[in-house]
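Here's the letter readout for the chains.
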Amino acid sequence: MPAIEIICGSKEGTLHQFDSEVLIGSADDADVTIQDNGISRNHARLRAAGSGFEVVDLGSSNGTYVNFKRLDKESTSPINDRDVLFLGRTVVKFYAEEAPSRGGAVNPEELRDLLRGTVPISALASLKIDGVVEAAREIALRAERAEVMRRMGMHMMSQDELQGLFEKARS
């Protein structure tokens, strides 16, 4: 049975299983109600599509992100097992089959893979470390962190929320 787990946000740690469709929003009648200033009343819908699943942005004000990539308003994107969705300040992990019993923190390998599709870090992995290269790598990593923070809206998060997200990514 498909499920979503909130891995960062006001309902962190909660798991929501669904059959073929789930509505996420701040409205009381949403299937998954999340009180987050960045989430619209009817923010997004996850639903079965053919042999897989998709997410539909329902015209949300702050957007829906799949693995750091923003969807256009009212657009649809396929989602895969263990994809990470960003809805306002809430981070959700999608499971196509069933969530693992250990919980769904984004492990370092998953975070690296998510970032690899968004920011240009793949070329850095093959560089050898020496003085000049190390300095270039540090500059590039700082720029990448700033870009990720901008794309995720992390600059709008409180220090506690930001620290919690980083701790989840490291676990």
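Quick caveat: nothing in here was measured; it's all calculated off a predicted structure. (Residues numbered from 1 in each chain as written. Predicted model: local features only at pLDDT ≥ 70, side-chain atom pairs only at ≥ 80, totals over all residues. Heavy atoms only, no water.)

1. A look at the nonpolar core
Here is the rule: The term nonpolar core refers to a set of buried residues drawn from Ala, Val, Leu, Ile, Met, Phe, Trp, Tyr and Cys, joined through side-chain atoms within 4.5 Å. The cut-offs for exposure are 20% and 50% of the maximum accessible area for each residue type, with area from a 1.4 Å probe on protein chains only; residues under the lower value are buried, those over the upper are exposed, and the others partly exposed. In this description a helix means any DSSP run of H or I spanning at least four residues, a strand means any run of E spanning at least two, and both kinds are numbered starting from the N terminus. Whether two residues are in contact is decided by their heavy atoms: any pair within 4.5 Å suffices.
Ile4, Leu46, Ile79 and Phe94 are the most contacted members of the largest nonpolar core, which totals 20 residues. Looking at this core, the elements that each hand over two or more residues are β1 (3-8), β3 (21-25), β5 (44-49), β6 (52-57), β10 (84-87) and β11 (90-95). Ignoring any residue separated from it by four or fewer positions in sequence, one finds Leu46 in contact with Ile4, Phe18, Ser20, Glu21, Val22, Ile24, Glu54, Val55, Ile79, Leu85 and Phe94. Within the second largest apolar cluster, eight residues are counted, among which are Ile7, Cys8, Phe68 and Val84.

2. Section: unusual backbone geometry
One non-glycine residue, Asn67, lies in the positive phi region at around 50°. Relative to the assigned elements, Asn67 resides in the loop between β7 (64-66) and β8 (69-70). Under the relative-accessibility criterion, Asn67 is labelled buried at 16%. For Arg82, which is not a glycine, the phi torsion comes out positive at approximately 70°. By the element assignment, Arg82 lies in the loop between β9 (76-79) and β10.

3. Focus: the side chain of Ser75
Here is the rule: Whenever a nitrogen or oxygen atom comes within 3.5 Å of another N or O atom, the pair is scored as a polar contact, on the condition that within protein one atom can donate a hydrogen and the other can accept it, and that pairs from neighbouring residues in sequence are kept only if both atoms are in side chains.
Its location among the elements puts Ser75 in the loop between β8 and β9. According to the relative accessible area criterion, Ser75 is buried, its value standing at 19%. Within polar-contact distance, the side chain of Ser75 engages the backbone oxygen of Asp72 at 2.6 Å. Ser75 has contacts with Val55, Val56 and Asp57, leaving out every residue within four places of it along the chain.

4. Side note on the sheet that holds β11
How we decide: We treat two strands as partners when DSSP finds at least two bridges between them.
Spatial ordering of the open sheet is given by β2-β1-β11-β10-β7-β8, a layout of six strands whose pairing is antiparallel. The two strands at the open ends of the sheet, each matched to only one other strand, are β2 (15-17) and β8. Relative to β11, β10 runs antiparallel, the two being bridged by four bridges. Bridged to Leu87 within β11 is Thr90.

5. So, the environment of Ala27
Relative to the helices and strands, Ala27 is located in the loop between β3 and β4 (32-33). Look past the residues within four positions of Ala27 in its chain and what remains in contact with it is Thr33, Arg41 and Asn42.

6. Remarks on the pairing of β6
When you tally the buried positions in β6, you get five out of six residues, the bulk of the element. Pairing of β5 with β6, which is carried by six bridges, proceeds in the antiparallel orientation. Bridge pairing links Arg45 to Val56 in β6. From the end of β5 to the start of β6, which pair antiparallel, there are two residues, and Gly50 there has a positive phi angle of about 65°. Where β6 and β9 come together, four bridges link them in antiparallel fashion. Its bridge partner being in β9, Phe53 is matched across the sheet by Ile79.

7. Re the pattern of salt bridges
Rules: We count a salt bridge whenever a side-chain nitrogen from Lys or Arg sits within 4 Å of a carboxyl oxygen from Asp or Glu.
This model, assessed by the stated rule, comprises three salt bridges. The salt bridge partner of Arg45 is Glu21, with a shortest N-O separation of 2.9 Å. Highlighted residues: Arg45 in strand β5 and Glu21 in strand β3, separated in sequence by 24 residues. Overall, Arg45 belongs to the partly exposed group, its relative accessible area being 23%. Residue class for Glu21 comes out partly exposed when judged on its relative accessible area of 38%. Here Glu54 and Arg47 are joined by a salt bridge, their closest N and O atoms 2.5 Å apart. With a relative accessible area of 28%, Arg47 lands in the partly exposed category.

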